[in-house]
Amino acid sequence: GHGEYSEIPEEKEFFNVTKNSGNVVCHFYRDETFRCKILDKHMNLLARKHIETKFCKINAEKCPFLCDRLKIKVIPTIIMIKDSKTRGYVVGFTDLGNTDEFSTEMLEWRLAQSEVINYSGDLMTPPDQAKKASKTNFVGKKVMRGKGKRRDDDDSSDDNDW
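Counting from 1, residues in each chain are numbered in the order their sequence is written. Owing to the predicted nature of the model, reporting of local features is limited to residues with pLDDT of at least 70; listing and counting of side-chain atom pairs is limited to 80 or more, with chain, interface and lining totals taken over all residues. To get the side-chain values, all heavy atoms of the structure are used, and hydrogens and water are removed first.

It is worth spelling out the overall build of the protein chain at this point. The numbering of helices and of strands both runs from the N terminus, where a helix is a DSSP run of H or I of at least 4 residues and a strand a run of E of at least 2. Tallying secondary structure elements over the protein chain gives five helices and five strands in all. Each helix and strand of the protein chain, ordered N terminal to C terminal, gives the series β-α-β-α-β-α-β-β-α-α. Counting only residues that meet the buried cut, the protein chain has 40% of its 162 residues in that class. Across the protein chain, contacts joining residues at least 24 apart in sequence account for 65% of those joining residues at least 6 apart. Exposure was quantified through the Shrake-Rupley algorithm and a 1.4 Å probe, taking into account, for residues, occlusion by the shown protein chains and nothing else. Carbon and sulfur atoms make up 51% of the accessible area of the protein chain, which totals about 10,300 Å². Each residue is placed in one exposure class: buried if its accessible area under a 1.4 Å probe, protein chains only, is under 20% of its type's maximum, exposed if it is over 50%, and partly exposed if it falls in between. Whether two residues are in contact is decided by their heavy atoms: any pair within 4.5 Å suffices.

With that out of the way, let us pick up the sheet that holds strand S2 (residues 23-29). Across the sheet, five strands lie side by side as S1-S3-S2-S4-S5; this open sheet has mixed pairing. Every interior strand has two partners, whereas the edge strands, strand S1 (5-7) and strand S5 (85-91), have only one. The average angle at which neighbouring strand axes cross in this sheet is 25°, direction not considered. A pair of strands counts as paired when DSSP detects no fewer than two bridges linking them. The pairing of S2 with strand S3 (residues 54-59) spans six bridges and is parallel. Residue pairing for S3: His-27 is matched across the bridge by Lys-57. Across the sheet, helix H2 (residues 34-49) is in contact with S1, S2, S3 and strand S4 (77-82); its angle to S2 comes to roughly 160°. Angular values range over 0 to 180 degrees, each being the angle between N-to-C directions of two axes fitted as lines to C-alpha atoms, with helices fitted over their stretch in contact. Packing of helix H4 (residues 104-113) onto the sheet brings it into contact with S2, S3, S4 and S5, and relative to S4 it is tilted by some 45°.

In a regular helix each residue adds 1.5 Å, so 16 residues correspond to 22 Å; H2 covers 24 Å between its end C-alpha atoms and thus fits that length. Along H2, the residues classified as buried are Cys-36, Ile-38, Leu-39, Asp-40, His-42, Met-43, Leu-46 and Ala-47. To estimate how far a helix should reach, multiply one less than its number of residues by 1.5 Å.

Bringing the pattern of salt bridges into the picture now. Note that side chains of opposite charge can pair when their charged atoms are close. Whenever a carboxyl oxygen of Asp or Glu lies within 4 Å of a side-chain nitrogen of Lys or Arg, that contact is scored as a salt bridge. In the structure shown here, the tally under the stated rule is seven salt bridges. In this structure, the salt-bridge partner of Arg-30 is Glu-32, at a minimum N-O distance of 2.9 Å. According to the relative accessible area criterion, Arg-30 is partly exposed, its value standing at 30%. Between Asp-100 and Arg-35 there is a salt bridge; the shortest N-O distance is 2.7 Å. Residue Asp-100 is found in the loop between S5 and H4, and its partner Arg-35 is found in helix H2; the two are separated by 65 residues along the sequence. Here Asp-100 falls in the partly exposed class, since its relative accessible area comes to 28%.

Our next topic: the pairing of S4. Each regular strand shows side chains that alternate between the opposite faces of the sheet. Counting buried positions over the six residues of S4 gives five, a clear majority of the element. Sheet topology places S2 next to S4; six bridges connect them, and they run antiparallel. Paired with Val-25 across the bridge in S4 is Met-80. Counting the residues that bridge the hairpin from S4 to S5 gives two residues, and of these Asp-83 lies at a positive phi of roughly 50°.

So, about unusual backbone geometry. Here Ile-75 and Pro-76 are connected by a cis peptide whose omega angle stands at 0°. Mapped onto the secondary structure, Pro-76 falls in the loop between helix H3 (64-69) and S4. With a phi angle near 65°, Ser-84 is a residue other than glycine that sits in the positive phi range. With respect to the helices, strands and loops of the structure, Ser-84 is situated in the loop between S4 and S5. Residue classification places Ser-84 among the partly exposed positions, given a relative accessible area of 47%.

Laid out in structure tokens, this is it:
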């Protein structure tokens with residue numbers, strides 16, 4: 001059901017799940033793939049938070065027909081389905097900042113872009129990027145201040161700031 005992260009045992013069941021739920025987020029995984037375990041942790045948390053969406057996973061090795069039909073070539077791949085139509089894919093961790101250390105919020109933000117979960121944050125700015133940007137700006141301002149450039153210099157036009 002909704003509110004939990006469950007496993008789909010076989011291909012046929014995948015179609016029932018997508019028919020019976022308006023929003024589905026399905027993780028295609030392999031037991032041997034370390035990154036799938038990382039994804040499982042985040043999917044578990046999001047399943048409890050977003051009960052409007054069915055979070056599930058299916059073993060890619062047990063569903064070759066489905067993988068072929070959905071053109072799944074990379075593991076892990078998450079497929080987002082709304083009203084039985086594919087709304088998008090998260091292939092590997094590229095969309096999540098290309099790191100194993102991405103936050104649950106980052107995955108949540110990416111899923112929200114496909115409109116398969118209710119999301120109140122800013123869809124234009126990835127949460128992990130927003131955190132990095134605020135840190136970088138802070139350090140950047142400090143460094144610039146340290147150079148001793150005064151405001152009353154001649155070239156105070158804004159055009160030269162960058």
